[in-house]
Structure formats: C-alpha cells, structure tokens
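# Fold and geometry: a report
Chain residues, written in single-letter form:
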Amino acid sequence: MPQQNIAPRVIAEKKTWAVAFSAANTARDGSGTLVTLVTAAAQGSKIELIRYAYEATTNAGMFRIFLHNGSIYLLVKELTVSAISASGSVAAASGEWKPTTDLIVPTGWTVQVATNEAVAGSAFAMGGDL
C-alpha cells in the first residue's frame, strides 16, 4: 500500500483577498462574467472562509464560487442570496461559506465568483499562501 502524504498544509502567510462584483451571471458552468477573487501563490493557497456582501436591494438568487485551472471551471459552491429590500434600517444581503475540509488552491489555479443578478457587492476570501 502506498504511503499517504499526511503532512499538514500550513499557511505561511495569512492574508485576505477582496474583489468587487456587479455583473449578472446565471450560468453554473463557468461561462459568462466571473471575477477573480484569489490567484494561488507559487506553493498554492488555502482558503478558510469566503464572504459576500451586497450593497443594495437583492432578489432571491445565488452567489457562486468556482475553481479555475486555466481551461476548465469547477463549480465549488452555491450560496443562497435572500430577497432583501435594503435600506437605512435593513441590512443588505450577505453570507459566508467555511469549507468543512481544507480548500487548497493549487499553483496556477484561481478562485472566481459570480452573482446571479446585477447588484453591486464585494467578496472576501480569508486564508493564506502555503
């Protein structure tokens, strides 16, 4: 039986990545408008948490997270976006995803995000480079 690689992947440098989004994209196959949230470091990167926050009123929809290796897109997670009429006393839609296992982004790969509707917002990834 081959020996398993059991060495933990430890973050060498903690960091937060951030990106703004606003273009509507209903596709689940990686087509359409996506924005790059994370570009993996030379030794790869580890994602511990991804958050999104909208800036205005939203309809019910999805926030999607993809991995991209340069040629194919892999849908990693869809997060439900609630229909919220944002105002001075009602917070706009937001949410987060914490992977239950390590999300290691290999060298040369990116994490890309898309929103279901044309509403401005921001996405943040917390983790670090390996």
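Residues numbered from 1 in each chain as written. Predicted model: local features only at pLDDT ≥ 70, side-chain atom pairs only at ≥ 80, totals over all residues. Heavy atoms only, no water.

## Quick word on the sheet that holds strand β2 (residues 35-39)
Spatial ordering of the open sheet is given by β2-β8-β4-β5, a layout of 4 strands whose pairing is antiparallel. Because the sheet does not close on itself, it has two edges, and the strands there are β2 and β5 (73-81). Sheet twist, expressed as the average angle between the axes of neighbouring strands with direction ignored, equals 25°. When strand β4 (residues 61-68) meets strand β8 (residues 110-115), the two strands line up antiparallel, connected through 6 bridges. Residue L67 lies in a different strand from β8, and its bridge partner there is V111. (Pairing = 2+ DSSP bridges. Helix = DSSP H or I, 4+ residues; strand = E, 2+ residues; numbered from the N terminus. Axes fitted to C-alpha atoms, helices over the stretch in contact; angles between N-to-C directions.)

## Quick notes on the nonpolar core
It is characteristic of soluble globular proteins that their nonpolar side chains tend to be buried jointly. Core analysis: the biggest nonpolar cluster contains 24 residues, and L37, I47, I50, Y54, F63, I65 and V111 have the highest contact counts within it. Among the secondary structure elements, those contributing two or more residues to this core are β1 (13-21), β2, β3 (45-54), β4, β5, β7 (103-105), β8 and β9 (121-129). Leave out the neighbours within four places in its chain, and L37 touches W17, A18, V19, I50, V111, Q112, V113, A123, F124 and A125. (Core = buried A, V, L, I, M, F, W, Y, C linked by side-chain atoms within 4.5 Å. Buried < 20%, exposed > 50% of the residue type's maximum accessible area, 1.4 Å probe, protein only. Contact = heavy atoms within 4.5 Å.)

## Regarding the pattern of salt bridges
In the structure shown here, the tally under the stated rule is 6 salt bridges. K15 is paired through a salt bridge with D129; the nearest N and O atoms lie 3.1 Å apart. With K15 in strand β1 and D129 in strand β9, this residue pair connects regions lying 114 residues apart in the sequence. You can call K15 partly exposed: its relative accessible area is 29%. R51 is the salt-bridge partner of E96, the closest N and O atoms lying 2.6 Å from each other. Of this pair, E96 sits in strand β6 (residues 94-97) while R51 sits in strand β3, and the two are 45 residues apart along the sequence. Here R51 falls in the partly exposed class, since its relative accessible area comes to 36%. Connected via shared salt-bridge partners are R28, R64 and E78. (Salt bridge = Lys/Arg side-chain N within 4 Å of Asp/Glu carboxyl O.)

## Notes on the side chain of S45
By the secondary structure assignment, S45 is in strand β3. A polar contact of 2.8 Å, which involves the side chain of S45, links it to the side chain of D129. The contact partners of S45, leaving out residues within four places of it in the chain, are W17, T39, A40, L103, I104, V105, G128, D129 and L130. (Polar contact = N/O pair within 3.5 Å; in protein donor to acceptor, adjacent residues only side chain to side chain.)

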